[in-house]
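A look at the structure
Residue strings, one per chain:
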Amino acid sequence: MFDIAIIGAGPAGATLARLIGKSYKVLLIDKRELNDSGIRGGISKCCGGLVAPDAQKIIAELGLGLPQEVLVGPQLFAVRTIDLENSIERYYQRFYINIDRDKFDKWLVSLIPKEVDARFGCSFKTYERTENGFKLRLLKDGREYIENAKIMVGADGAFSILSRQTSGRRPLARSYISIQEWFEGQSLKPYFSAIFDREVTDFYSWTIPKGDVLIVGSAMHEGKDAISKFELLKRKLTDYGFELGNRVRKEGALILRPISAKHTLVGEAGIAYIGEAGGWISPSSAEGLSYAFKSALFLAQSLKPGLDGFLERYEKSTRSIRNNILVKNLKSPFMYNPIIRQTVMKSGIQSMDMQK
Ligand SMILES: Cc1cc2nc3c(=O)[nH]c(=O)nc-3n(C[C@H](O)[C@H](O)[C@H](O)COP(=O)(O)OP(=O)(O)OC[C@H]3O[C@@H](n4cnc5c(N)ncnc54)[C@H](O)[C@@H]3O)c2cc1C
């Protein structure tokens, strides 16, 4: 019997396992081969791979610094904001660390203490409650088997199977499908572009230079027309002057945008959620790495005094990130209301003078 079973070894699950792995008997499972140095079975997490200032801060607070091998050029010091509807663009100073997301996830896994029973290429299927905790049904190499744990942690991302199976699921957050395509780059500019155009989406689209490719992405409402909207975005970007070479990769993922505090999920009777499984992601930028680290840290701190009452302690400690999500929602009109955005961008407040 394990004390704690963590489902998912992305940034949230790997961080929690690192922090509690020596104090508890921990089982960590992930369907990806995160201990494998190669890329097997399309393991990549669809992500822009930008470490924003909030994430940089929590990484520092956790006593970590990024190793050279996870970095990818160029490092980015400005956001190019393009309002396609109002034909206006501005540059704003902001520092991002540009990373290779696969290598980043594997680096986090490499920090997990050897006391943790970490199983990769292993999928969580279902669970049942038992007298002492939970019976988990897992699948590895085509074989089903059972493990038992006193508590479970869902760190299995936005599409969390665990949260979908629990009775107390959160009211559904606004659901977006994100698509990213990677293009061989031509004269890549060193900016993260944030692109606004309601014909494409009421959220936003982006471009990110990464090594010698340009990532073009967008988060659009789920539905049949997401693909045609993405094609429209590419046409608009090409007309705007972006040069898209050969496509080398295409990927997609779900984003649950928490437009109210009700859209986040702490847990219920013996189960806790961290990272995107708990809805912890910025509703304005879809930045989620800082929330993955913070929620894992708060849960580790809540587990320190013991298993009894851990969920109440976690509930309390996550208030700060719930408030942070609330504040981001309050600020959202400055980015997402076309009239306010146009006024702010036209004023040039806080924008940079670019020497072209
Ligand atoms: C298109 C896109 C771009 C983004 N860009 C950025 C960015 O630039 N910067 C930023 O900060 N954030 C970004 N985000 C958000 C960020 O990627 C997430 O917030 C972050 O990955 C959350 O970490 P996590 O550990 O909670 O979940 P995940 O990283 O999703 O990890 C979940 C893990 O659970 C595993 N898993 C899932 N189901 C099962 C199962 N049934 N059994 C076993 N294992 C399972 C998965 O294999 C995975 O390893 C982006 C998101 C999207 C969709």
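Everything below is about the structure shown above.
**Considering the packing of aromatic side chains**
All told, the structure shown has 12 aromatic pairs when counted by the stated rule. Ring plane angle 85° and centroid distance 6.3 Å describe the contact between Phe-104 and Phe-293, whose orientation is recorded as edge-to-face. Of this pair, Phe-104 sits in helix α3 (residues 101–110) while Phe-293 sits in helix α6 (residues 289–303), and the two are 189 residues apart along the sequence. Among the residues examined, Phe-104 registers a relative accessible area of 0% and is labelled buried. Taken together, a centroid distance of 5.8 Å and an interplanar angle of 70° make the contact between Tyr-127 and Phe-134 edge-to-face.

**Focus: the pattern of salt bridges**
The tally for this structure, following the rule as stated, stands at 28 salt bridges. For Glu-181, the salt bridge is made with Arg-247, and the minimal N-O distance between the two is 3.3 Å. Pair noted here: Glu-181 is in strand β10 (residues 174–185) and Arg-247 is in strand β14 (residues 244–257), with a separation of 66 residues, a long-range link. Two residues, Glu-231 and Lys-234, come together in a salt bridge whose shortest N-O distance is 3.2 Å. Of the two residues, Glu-231 and Lys-234 both sit in helix α5 (residues 226–240), 3 residues apart, roughly one turn of that helix. On the basis of relative accessibility, which here comes to 31%, the residue Glu-231 falls in the partly exposed class. Several salt bridges converge on common partners, so that one network encompasses Glu-181, Glu-231, Lys-234, Arg-247 and Lys-250.

Thresholds applied
Residues numbered from 1 in each chain as written. Predicted model: local features only at pLDDT ≥ 70, side-chain atom pairs only at ≥ 80, totals over all residues. Heavy atoms only, no water. Phe/Tyr/Trp six-rings, centres within 6.5 Å; stacked < 30°, edge-to-face > 60°. Helix = DSSP H or I, 4+ residues; strand = E, 2+ residues; numbered from the N terminus. Buried < 20%, exposed > 50% of the residue type's maximum accessible area, 1.4 Å probe, protein only. Salt bridge = Lys/Arg side-chain N within 4 Å of Asp/Glu carboxyl O.

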